[in-house]
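# Fold and contact review
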Amino acid sequence: MKEELECCETTEIHEDLLEMVSRNMPPEEELYDLAELFKVFGDSTRIRILFVLFEAEVCVCDLAQALHMTQSAISHQLRILKNSRLVKSRREGKSVFYSLADAHVRTMIDQGREHIEE
């Protein structure tokens, strides 16, 4: 059964609270960028890729093997992760190795896991 959301019984605008919210609200562009970042985390394949990268810097071939996917499918997801600045790459000879862009990526995933385990 769906729980019904409770609402106020009367309409009362709390101007002081709205003023505080208005002062502290980030610009619309920043909110949009944040929402777009969280959309990237909305795909389990991308999350799986990030978990592999928690352990080691790897190439597309290694990721495809570890996740039982095609290199093409992995490359597509890596492009999204790279465009979102969650992973970075470096070339070594004929191979391109991927790693987490920075420690924030692990922190975001760890905090998400912590939240769902509560």
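Residues numbered from 1 in each chain as written. Predicted model: local features only at pLDDT ≥ 70, side-chain atom pairs only at ≥ 80, totals over all residues. Heavy atoms only, no water.

### So, the packing of helix α3 (residues 44–55) against helix α4 (residues 60–67)
- Look at α3 against α4: their axes get within 11 Å of each other, and the N-to-C directions meet at 115°. The angle between α3 and α4 places the two elements in the roughly perpendicular class. Considering the relative orientation of α3 and α4, their crossing is right-handed. When α3 is examined against α4, the residues Arg 48, Ile 49 and Val 52 are found in contact with a partner set consisting of Leu 63, Ala 66 and Leu 67. (Axes fitted to C-alpha atoms, helices over the stretch in contact; angles between N-to-C directions. Helix = DSSP H or I, 4+ residues; strand = E, 2+ residues; numbered from the N terminus. Parallel < 35°, antiparallel > 145°, perpendicular 65-115°, else oblique. Left-handed = near helix turned anticlockwise from the far one by under 90°. Contact = heavy atoms within 4.5 Å.)

### Examining α4
- Within the span of α4, buried status applies to Val 60, Leu 63, Ala 64 and Leu 67. One face of α4 carries all of its buried residues, which in axial projection span an arc of 100°.
- Close packing links the buried residues of α4 with α3, β1 (58–59), α5 (71–83) and β3 (95–100).
- His 68 sits one or two positions beyond α4 and adopts a positive phi of about 55°. (Buried < 20%, exposed > 50% of the residue type's maximum accessible area, 1.4 Å probe, protein only. Arc of directions from axis to C-beta.)

### Remarks on a nonpolar patch on the surface
- Where nonpolar side chains cluster on the molecular surface, the patch consists of Leu 17, Met 20, Val 21 and Met 25 and spans about 360 Å² of accessible area.
- Checked against the element boundaries, Met 20 lands in helix α1 (residues 15–24).
- The exposure class of Met 20 is partly exposed, given its relative accessible area of 39%. (Patch = residues over 30% accessible without salt bridge, like charges linked within 9 Å, V, L, I, M, F, W, Y side chains within 5 Å. Areas by Shrake-Rupley, 256 points an atom, 1.4 Å probe, with all protein chains shown as cover. Salt bridge = Lys/Arg side-chain N within 4 Å of Asp/Glu carboxyl O.)

### Quick word on the sheet that holds strand β2 (residues 87–92)
- Strand order in the open sheet formed by three strands is β1-β3-β2, with antiparallel pairing between adjacent strands. Each edge of the sheet is formed by a strand with only one pairing partner; in this case those strands are β1 and β2.
- As defined by bridge partners, β2 adjoins β3 across six bridges and the pair is classed as antiparallel. Among the inter-strand pairings, Val 87 is bridged to a residue of β3, identified as Leu 100. (Pairing = 2+ DSSP bridges.)

### Some thoughts on the packing of aromatic side chains
- Applying the stated rule across the entire model yields two aromatic pairs.
- The ring of Phe 54 has Arg 106 sitting right over it, with the charged end atom 4.4 Å from the ring centre. (Phe/Tyr/Trp six-rings, centres within 6.5 Å; stacked < 30°, edge-to-face > 60°. Lys NZ or Arg CZ within 6 Å of the ring centre and 35° of its normal.)

### Some remarks on unusual backbone geometry
- The phi angle at His 68 is positive, at roughly 55°, despite the residue not being glycine.
- With respect to the helices and strands, the residue His 68 is situated in the loop between α4 and α5.
- Residues other than glycine seldom take positive phi values, yet Arg 85 does so here, at roughly 60°.
- Mapped onto the elements, Arg 85 comes out in the loop between α5 and β2.
- Owing to a relative accessible area of 69%, Arg 85 belongs among the exposed residues under this scheme.

### Here we look at the nonpolar core
- Among the nonpolar cores identified, the biggest contains 22 residues, and Ile 49, Leu 50, Leu 63, Ile 74 and Leu 78 are the most heavily contacted of them.
- Put simply, the parts of the chain that give this core at least two residues each are α2 (28–40), α3, α4, α5, β3 and α6 (103–116).
- Per-element tally for this core: the top contributor is α3, with five residues.
- Ignoring any residue separated from it by four or fewer positions in sequence, one finds Ile 49 in contact with Leu 63, Leu 67, Ile 74, Gln 77, Leu 78 and Leu 81. (Core = buried A, V, L, I, M, F, W, Y, C linked by side-chain atoms within 4.5 Å.)

Bear in mind that shape data such as this cannot, by itself, settle questions of function.
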